[in-house]
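Observations on chain architecture
Residues per chain, in single letters:
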Amino acid sequence: MNILIVYAHPEPTSFNGALRDLAIEVLSAQGHMVEISDLYRMNFNAVTGLGDFTGERSDSTRLSIAREQTHALETGTIAPDIAAEQAKISRADMLILQFPIWWFGMPAILKGWADRVFARGFAYLPGRKYDTGMFHGKLALVSATTGTSAETYAPDGIDGDILSVLWPVHNGLLRYTGFDVLPPYVAYMPGRLDQAGRAAQLDAYRERLLTIDTTPRLFFHPASDYAPNERLKPGVLARSGVQRNV
Ligand code: FAD
């Protein structure tokens, strides 16, 4: 497979950096082609705006990011740093997002990467979402680290279920655009473990990377489970772990 790792940590010797390096080593050894977007090292501009559009605007009187994204893609005038990232995604069979959980989400540089790169016309269009998403056939994995323990991210933990915390990424970004999504790999509080504990986390990630093919994907309800108002049909049991029957 062609695998793109998007890495969002400012410190190369961080534990996130160790997880990134491990993934490169393990996946390359299996014969995969691995490409990296090291967002901090690239000094990636995370702020969408006028600079994303290098040609004549669709509407110069009022800025609609989504409309201008579509127009810029149609006219080949999207900013080169966005085009380069989009080309990497197009080449990739699998996307790995490697990041520390910051304020219950992705670091701003990665969120901004998504805002700019997952542009309308490239990542989604009317009628092209979820089951019919533009990235249908591609696979994604979130590999994240936390500052607190697995217990705090249990369903009854003080931070809430990790799958709920990651739902905006898993469902809102990846599944929305058509990816199949692997269960996340989460290294809980590496900063508060001893060296043996961190080594065990690296071993566990290695095992996850070696079992990609056989690991069941996260469950997302198919389109056929939804009524025309896009709510689960009566009688369909909510199974995503985040949605619930009301
Ligand atoms: P590091 O601190 O870089 O590394 C941890 C340890 O691993 C270090 O001792 C390092 O030397 C060691 N290490 C590095 N490489 C290796 C290796 N190869 N082998 C063994 N050891 C190694 N946490 C939450 O849970 N929820 C939040 O909402 C949240 N919000 C945050 C918001 C901000 C702005 C910030 C800065 C932090 C937040 N945190 C939060 C904490 C954050 O998630 C953790 O600090 C982070 O995930 C830890 O990962 P790291 O890569 O930065 O670890």
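Now for a description of the structure that goes with this document. Keep in mind the model is a prediction, meaning the values are calculated, not measured. (Residues numbered from 1 in each chain as written. Predicted model: local features only at pLDDT ≥ 70, side-chain atom pairs only at ≥ 80, totals over all residues. Heavy atoms only, no water.)

Some remarks on the site of the ligand
Around the ligand there are 21 residues in total, and His9, Ile101, Trp103, Thr145 and Tyr153 lie nearest to it. Here an oxygen atom of the ligand sits 2.8 Å away from a polar atom, N or O, in the side chain of Asn16. Contacts to the ligand include Thr146, whose backbone N or O atom sits 3.4 Å from an oxygen atom. Protein burial of the ligand: of its 1000 Å² of free accessible surface, 64% is covered by the chains. Looking at the shell around the ligand, the elements that each hand over two or more residues are helix H1 (15-29) and helix H7 (195-210). Residue classes in the shell around the ligand are distributed as 10 nonpolar, 10 polar and one charged. (Near = heavy atom within 4 Å. Polar contact = N/O pair within 3.5 Å; in protein donor to acceptor, adjacent residues only side chain to side chain. Areas by Shrake-Rupley, 256 points an atom, 1.4 Å probe, with all protein chains shown as cover. Helix = DSSP H or I, 4+ residues; strand = E, 2+ residues; numbered from the N terminus. Nonpolar A, V, L, I, M, F, W, Y, C, P; charged D, E, K, R; others polar.)

Brief notes about unusual backbone geometry
Non-glycine residue Tyr130 carries a positive phi angle of around 50°. Tracing the backbone through its elements, the reader meets Tyr130 in the loop between helix H4 (108-117) and strand S4 (139-145). The residue Glu230 is not glycine, and still its phi comes out positive at about 65°. Note on placement: Glu230 falls in the segment after H7.

Some words on the nonpolar core
Counting residues in each nonpolar core, the largest one holds 38 residues, and the members touching the most others are Leu95, Leu97, Phe99, Leu110, Trp113, Phe118 and Leu174. Counting residues per element, the ones that place at least two in this core are strand S1 (2-7), strand S3 (94-100), H4, S4, helix H5 (162-165) and helix H6 (167-175). It is H4 that provides the largest number of residues to this core, a total of five residues. The residues contacting Phe99, other than those within four sequence positions of it, are Ala8, Asn16, Gly105, Met106, Pro107, Leu110, Val142, Ser143, Ala144, Thr145 and Leu166. Counting residues in each nonpolar core, the second largest holds 18 residues, with Phe15, Ala23, Tyr185 and Ile212 among its members. (Core = buried A, V, L, I, M, F, W, Y, C linked by side-chain atoms within 4.5 Å. Buried < 20%, exposed > 50% of the residue type's maximum accessible area, 1.4 Å probe, protein only. Contact = heavy atoms within 4.5 Å.)

Some remarks on the packing of aromatic side chains
Note on aromatic pairs: each is described by the distance of the centres and the angle between the planes. Under the counting rule described, the total for this entry stands at 10 aromatic pairs. Residues Phe118 and Phe135 carry aromatic rings whose centres are separated by 5.6 Å and whose planes lie at 75° to one another, so their mutual orientation is edge-to-face. Taken together, the residues span a long stretch of sequence, with Phe118 in the loop between H4 and S4 and Phe135 in the loop between H4 and S4 at a distance of 17 residues. No difference in accessibility class separates Phe118 from Phe135, as the two residues are buried. Taken together, Trp113, Phe118, Phe122, Phe135 and Phe179 form an aromatic cluster joined through their ring pairs. The ring of Tyr7 carries Arg20 above its face, with NZ or CZ at 4.3 Å from the centroid. The side chain of Arg239 reaches across the aromatic face of Phe219, ending 3.9 Å from its centre. (Phe/Tyr/Trp six-rings, centres within 6.5 Å; stacked < 30°, edge-to-face > 60°. Lys NZ or Arg CZ within 6 Å of the ring centre and 35° of its normal.)

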